[in-house]
Amino acid sequence: EIVSTHGYSQNQVVVWRCPSMTKLASLPGHTMRVLYLACSPDGTTVVTGAGDETLRFWTLWPGARSQGHDTGGMASMARTMIR
């Protein structure tokens, strides 16, 4: 999958299935443009930073890497906000 960030007017994070580029999920939450995105070393979590001065941690693929198999998508998504 590919994760992209977007600005005005939705200010969201989008997860796409590759190579078909079909949208798997749209993750709203930031109130201003998303400026930064980083992935955790195990590939299960991404963190985004935006102009609203918040960091949001998104658990996109829980346990996918640690169990050694592909979950086939996002079984569960959790969001944590730090301000």
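Residues numbered from 1 in each chain as written. Predicted model: local features only at pLDDT ≥ 70, side-chain atom pairs only at ≥ 80, totals over all residues. Heavy atoms only, no water.

Some words on the confidence of the model for the protein
Then, in step 1: Averaged over all residues, the pLDDT of the protein equals 80, while 76% of them reach at least 70.
Then, in step 2: When the criterion is pLDDT under 50, residues 68-76 qualifies, and its contacts beyond four places in sequence or with other chains add up to 16 contacts. (pLDDT = per-residue confidence, 0-100. Contact = heavy atoms within 4.5 Å.)

Let's talk about the pattern of salt bridges
Then, in step 1: Summed over the entire model, instances satisfying the criterion amount to 1 salt bridge.
Then, in step 2: A salt bridge links Glu1 to Arg17; its shortest N-O distance comes to 3.3 Å. One end of the pair, Glu1, is in the segment before β1 (2-5); the other, Arg17, is in strand β2 (residues 13-17), with 16 residues separating them in the sequence. (Salt bridge = Lys/Arg side-chain N within 4 Å of Asp/Glu carboxyl O. Helix = DSSP H or I, 4+ residues; strand = E, 2+ residues; numbered from the N terminus.)

Notes on the environment of Cys18
Then, in step 1: Assignment of secondary structure puts Cys18 in the loop between β2 and β3 (22-27).
Then, in step 2: Linking Cys18 and Glu1, residues 17 residues apart in sequence, is a C-alpha distance of 5.2 Å.
Then, in step 3: With residues up to four places along the chain from it excluded, the contact list for Cys18 reads Glu1 and Ile2.

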